[in-house]
Amino acid sequence: MALRDKVNDYEQTVKALLAFAALVVHDGTDHRPDSRFGFGRRMDTSSANKLLPNGEVRPDLTAQKSLEYGVVVEAKKSWSRDESRWAKQADQLRKYDDDLTGWWTNDERTLDANAVLLVHQSRSRAVSRFVASLKEEDDQAVGSRSVVVEFNSSEETASYYFFRTEFGSFLDEELDATLLDGRQVPLDKVVSTFSTVRYYDAPPPIPYLLTDLWVHVLPSVEKVRFDEEIKADIITVSAEDLSAEMQKAYGSELLHRDARSCQFPKSSWVKKCLDFLVTKRLAIPNEAENTYDVIYRHFKKDILDRFVEMAEGDEKTATNEEADQTELFHG
Amino acid sequence: MTLRTSEQSTAFEAFIESVYRLDGVDQIVATIGTLQIPLPYKVRIKILFSELEPRSYFETLATGPSESISQFGAGFETRILVGRPIPRTVRSHFFLVRFPNLSHHVEALVSICTADQWRTITRICRDAYPKLAPINLSQTELLGCAKKLKHYKEYSVRVKAFSASSRIRSASTRSRKSIREWTDEDLDKVSKDVRERGLVLNSMDLEFFPSVGGVDHVIPRATGTIRRSGELSVTGSFDVVFEAVAEEVARIGLKKLEFLSGRGLRESSYTPRPLSIEFNSRIFDDLENVRSFVTAVRKYPKSMHAVLHGNPYAHIKLVDILDRSSFELWVIPPKRIALIPGIRATGPAFDRLVAYLFDKVREGQLQDYGVTRQG
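For chain B, the helix and strand inventory stands at nine helices and 19 strands. Relative to a compact globule of 375 residues, whose C-alpha radius of gyration would be 21 Å, chain B shows 22 Å and is just as compact. Per-residue burial over chain B gives 55% buried out of 375 residues. Residue pairs at least 24 apart in sequence account for 62% of intrachain contacts in chain B once pairs closer than 6 positions are excluded.

Here's what the structure looks like:
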């Protein structure tokens, strides 16, 4: 998949998760009482879990509608054309279809819950057929509380996210009825309510994170000096400081936090971006101090396009090297 | 009266320099109020905003290494090289006036000068951004300012002329046609006319007629031109225009900057306080308008951008490289632009962006946007 598409997918996934969370925790007028949601929340599996007994899972989204009901969600916008690679997502769904511990209740349990696979419309039918066929072959392969929900953004005006059940049913009557025929969540509501949430608990493509660093984070750093020789600002940063700032501004700190919450964007993701800049001669590492001097250039071109070009250049080089290697062995 | 020879201009400038050497700004203002200023000279005013005080900024500049500005009496003198291939030095003078009823963050820069001299002064102000920020007036604010002055003390105020741009739309481009019209009409009629013709107002000339018992004099006491750039020029009584118009422009500008300030994520403890521009008509139902928006933002001066989506809705990241403020812009059909502040987003940077969007897209209503929640 082209890198630009991966960037687009990541952003769409974040917005889709927020829109789906809104469906669960909001009644159209107000936040439901005792409702909450989180990204990447640490949930404990039960001893009866088919694939991971007494283990830990971190669903993309955990959304509690009430003290009695919640959903855990795995989102995947793009699916490989090779269906043999879909088993991993099916396994994830199986792990989530369980009496999980970690809800926002007194005993951290809930009466009912569904495990949801959130799939883009372009693949939802195929995925639903895949899940249905798995269940036919082996009734235990797919849990009884598993649901496949399709999502897309409306093509007419692109100002809505649309969700509809494609496989299974929800234990919550209201949610089941809502998603049977499909429900639109206005983009406007998602943007206005969660205007700065940009990440979830999965690493984004490097250009996505780099663009936020270049546009929002690096310009806000105070420790800057102008280098007369190269005619650019030099901004001294560390991966830890940058990720801490991004968590506050665009990530995990914006959502409800407790002992089960995780932090994102992680400093390892940011470090990967800074190391990438080093390879592009846009940063110099100061290993002794564990910092980087970023050479902050003003791009005339679109910043995202620029970083995508740089990263795709690397991918092409890696592919060519692989091909050369193959030729070496088989030529 | 008009000065026609360089000797006359030199003599007049010597006189003006002696006014600037008077003991304090109050005396200078009082003296200017009594003077007749010959063309091509005018009293010109620019309303400026600074996080410190505009005066402090110029004092720092004047005592620094710059040779282009120095203190002169109660004000400042500038010497700027202009022209090619043989540059010449343009000397200008100005002083700063506070508004007694407003914060010291906003002051009026006043100069008695020609258009040439004024350009050198405004260049210094432009180069000082973001330490000094201009007050930008929207068309609504410009009209509102004029409406408020319909009757000022013992004067009747009428619109003498206005300049505006009209959008010319062809298959390949959208360009502007500038027009200047003289009118003796009531302000409400002018306002309606401008709206109906789809014009964008750039400046208005207001005449102040002494009025007694509801009967107006036939000769105005003063004419003030207000521009959307927050600049004014005065013919006739400086006092009348300064008191009536300059303070109103400063008040409008300060109120707007206060509304726009404090929204950067770091300043607001990471609780976003976004804004939106709302339009009366469903302009973004037409995808061409969404695409035009994206094109306009790509061309925003002194910035870098990243377009995540351009069609059918728009989502763009933007950084102001002068000020280091950043924003996310969303076009949400049918009739909204959402402006989400970045980690750093100053009031002047917001104002610069909004003024640009009002000019290049359309003027709308600026307001708070959305309710932010945690999970």
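We are not done yet, so read on.
Now for the overall build of chain A. Check the secondary structure of chain A and you find nine helices and 13 strands. Each principal axis of the C-alpha distribution contributes one length, and for chain A these read about 65 × 55 × 45 Å. A separation threshold of at least 6 residues defines the contact pool for chain A, and within that pool the share at least 24 residues apart is 65%. On chain A, roughly 15,400 Å² of surface is accessible, and the fraction owed to carbon and sulfur atoms is 45%.

The subject of this paragraph is the packing of aromatic side chains. Residues and elements named next belong to chain A. Enumeration according to the criterion identifies 28 aromatic pairs over all chains in this entry. On the numbers, 5.4 Å between centres and 65 degrees between planes, the contact of F20 with F163 is edge-to-face. Here F20 is found in helix α1 (residues 3-25), whereas its partner F163 is found in strand β8 (residues 160-167), with 143 residues between them in sequence. There is no split in this pair, since F20 and F163 are both buried.

The next thing to look at is the confidence of the model for chain A. Residues and elements named next belong to chain A. The predicted model of chain A has a mean per-residue pLDDT of 91, with 93% of residues at 70 or higher. No element of chain A has a lower mean pLDDT than helix α9 (residues 303-330), which averages 70, and none a higher one than helix α6 (residues 206-217), which averages 98. Below a pLDDT of 50 lies the segment residues 325-331, which in the model reaches one contact outside its immediate sequence neighbourhood of four places, other chains included.

Quick look at the sheet that holds strand β10 (residues 224-227) of chain A now. Within a sheet, each strand pairs with its neighbour through backbone hydrogen bonds, oriented either parallel or antiparallel. All names here are of chain A. With antiparallel pairing, four strands are arranged side by side in an open sheet as β10-β11-β13-β12. Two strands in the sheet have a free side with no partner beyond their single neighbour: β10 and β12 (283-286). Here the average twist between neighbouring strands, direction ignored, is 25 degrees. Where β12 and strand β13 (residues 291-296) come together, four bridges link them in antiparallel fashion. Residue pairing for β13: P285 is matched across the bridge by Y292.

Under the defined criterion, the tally for this structure stands at 47 salt bridges over all chains. A salt bridge links D212 of chain A to K317 of chain B; the nearest nitrogen and oxygen atoms lie 2.7 Å apart. Of this pair, D212 of chain A sits in helix α6 while K317 of chain B sits in strand β16 (residues 314-320), placing the two residues on different chains. Accessibility classification places D212 of chain A together with K317 of chain B in one group, the buried group.

The next point concerns the nonpolar core. One broad trend across soluble globular proteins is that nonpolar side chains are buried collectively. Membership of the largest hydrophobic core comes to 95 residues, with the highest contact counts inside it found for I47, F208, F293 and L339 of chain B. Not counting residues within four places of it along the chain, the set of residues in contact with F293 of chain B comprises A314, I316, L329, V331, I337, L357 and V361 of chain B. Counting residues in hydrophobic clusters, the runner-up holds 91 residues, among them A21, Y69 and L277 of chain A together with A306 of chain B.

Residue and element names in this part refer to chain A. With respect to the element layout, L93 can be found in helix α2 (residues 87-96). Once the C-alpha coordinates of L93 and E229 are considered, the two residues, 136 residues apart in sequence, prove to be 56 Å apart. Each residue touching L93, except ones within four places of it in the same chain, is listed here: A115, V116, L117, S146 and V147.

Time to look at the pairing of β16 of chain B. A regular strand carries its side chains on alternate faces of the sheet. All names here are of chain B. Within β16, seven of the seven residues are buried, which leaves the element mostly enclosed by the surrounding structure. In β16, alternate side chains face the same way, and those of A314, I316, L318 and D320 on one face and H315, K317 and V319 on the other are all buried. Two strands pair when backbone bridges link them, and strand β15 (residues 303-309) and β16 are joined in this way by six bridges, in the antiparallel orientation. Counterpart to A306 in the pairing with β16 is K317. Where β15 folds back onto β16 in an antiparallel hairpin, the turn is made up of four residues.

This part covers the sheet that holds strand β6 (residues 112-120) of chain A. All names here are of chain A. Read from one edge of the open sheet, seven strands run β1-β4-β5-β6-β7-β8-β9, paired in mixed fashion. Both outer strands of the open sheet, β1 (36-38) and β9 (183-186), are each paired with one neighbouring strand and no more. On average, each strand axis in the sheet is inclined to that of its neighbour by 25 degrees, with strand direction left out of account. Of the pairings in the sheet, the one linking β1 to strand β4 (residues 61-64) comprises three bridges and is antiparallel in character. Following the sheet pairing, G38 is matched in β4 by T62. Along the sheet, α1 contacts β1, β4, β5 (69-76), β6, β7 (146-153), β8 and β9; its crossing angle with β8, the most-contacted strand, is approximately 75 degrees.

Residue and element names in this part refer to chain B. Here the largest pocket defines a volume of roughly 1,200 Å³. As for the largest pocket, its lining consists of 41 residues, and the residues nearest its centre are P134, N136, R228, S229 and A355. Looking at the lining of the largest pocket element by element, the count peaks at seven residues for helix α9 (residues 347-360). Among the residues making up the lining of the largest pocket, the classes are represented as 18 nonpolar, eight polar and 15 charged.

Put simply, an interface is often sized by how much accessible area is lost when its parts join up. Across the contact, 37 residues belong to chain B and 55 residues belong to chain A. Note on chain B versus chain A: buried area summed over both sides is about 3,700 Å², and carbon and sulfur give 56% of it. Linking chain B with chain A are five salt bridges, by the criterion used here. Here chain B is connected to chain A by 19 residue pairs in polar contact (both at pLDDT 80 or more). Ranked by residues supplied to the side of chain B that touches chain A, first place goes to β15 of chain B with six residues. Residues belonging to the side of chain B that touches chain A are distributed by class as follows: 21 nonpolar, nine polar and seven charged.

With that out of the way, let us pick up helix α3 (residues 121-137) of chain A. All names here are of chain A. End to end, α3 covers 25 Å across 17 residues, agreeing with the expected 24 Å (1.5 Å per residue, within 8%). Inspection of α3 places S124, A126, V127, S128, F130 and V131 among the buried residues, and these make up the whole buried set. Buried residues belonging to α3 abut α2, β6, β7 and β8.

Moving on to the side chain of T346 of chain B. Residue placement: T346 of chain B occurs in the loop between β18 (336-341) and α9. Residue class for T346 of chain B comes out buried when judged on its relative accessible area of 15%.

What follows deals with the side chain of D60 of chain A. Inspection of the secondary structure puts D60 of chain A in the loop between β3 (56-57) and β4. Dropping the residues within four chain positions of it, D60 of chain A is found in contact with L17, G38, F39, G40, V73, E74, A75, Y96 and Y200 of chain A.

A pair of packed helices can be characterised by two numbers: the angle between their axes and the separation between those axes. Residues and elements named next belong to chain B. For the pair helix α5 (residues 139-148) and helix α6 (residues 187-196), interaxial distance at closest approach is 10 Å and the crossing angle is 165 degrees. Here α5 is positioned roughly antiparallel relative to α6, judged by the angle of their axes. Relative to α6, α5 is oriented so that their crossing is left-handed. Side by side, α5 and α6 meet where Q139, L143, A146 and K147 of the first sit next to L187, D188, S191 and V194 of the second. Its residues assigned to classes, the contact of α5 with α6 shows four nonpolar, two polar and two charged.

Conventions used here
Residues numbered from 1 in each chain as written. Chains lettered and ligands numbered in written order. Predicted model: local features only at pLDDT ≥ 70, side-chain atom pairs only at ≥ 80, totals over all residues. Heavy atoms only, no water. Helix = DSSP H or I, 4+ residues; strand = E, 2+ residues; numbered from the N terminus. Rg over C-alpha atoms; globule rule 2.2 N^0.38 Å. Buried < 20%, exposed > 50% of the residue type's maximum accessible area, 1.4 Å probe, protein only. Contact = heavy atoms within 4.5 Å. Areas by Shrake-Rupley, 256 points an atom, 1.4 Å probe, with all protein chains shown as cover. Phe/Tyr/Trp six-rings, centres within 6.5 Å; stacked < 30°, edge-to-face > 60°. pLDDT = per-residue confidence, 0-100. Pairing = 2+ DSSP bridges. Axes fitted to C-alpha atoms, helices over the stretch in contact; angles between N-to-C directions. Salt bridge = Lys/Arg side-chain N within 4 Å of Asp/Glu carboxyl O. Core = buried A, V, L, I, M, F, W, Y, C linked by side-chain atoms within 4.5 Å. 1 Å grid on protein atoms, 1.4 Å probe; cavity = no way out; pocket = protein on both sides within 12 Å on 5 of 7 lines; lining within 4 Å. Points joined across faces, edges and corners; volume = space filled by probe spheres on them. Nonpolar A, V, L, I, M, F, W, Y, C, P; charged D, E, K, R; others polar. Buried area = accessible area lost by both parts, 1.4 Å probe. Polar contact = N/O pair within 3.5 Å; in protein donor to acceptor, adjacent residues only side chain to side chain. Expected span 1.5 Å × (residues − 1). Parallel < 35°, antiparallel > 145°, perpendicular 65-115°, else oblique. Left-handed = near helix turned anticlockwise from the far one by under 90°.

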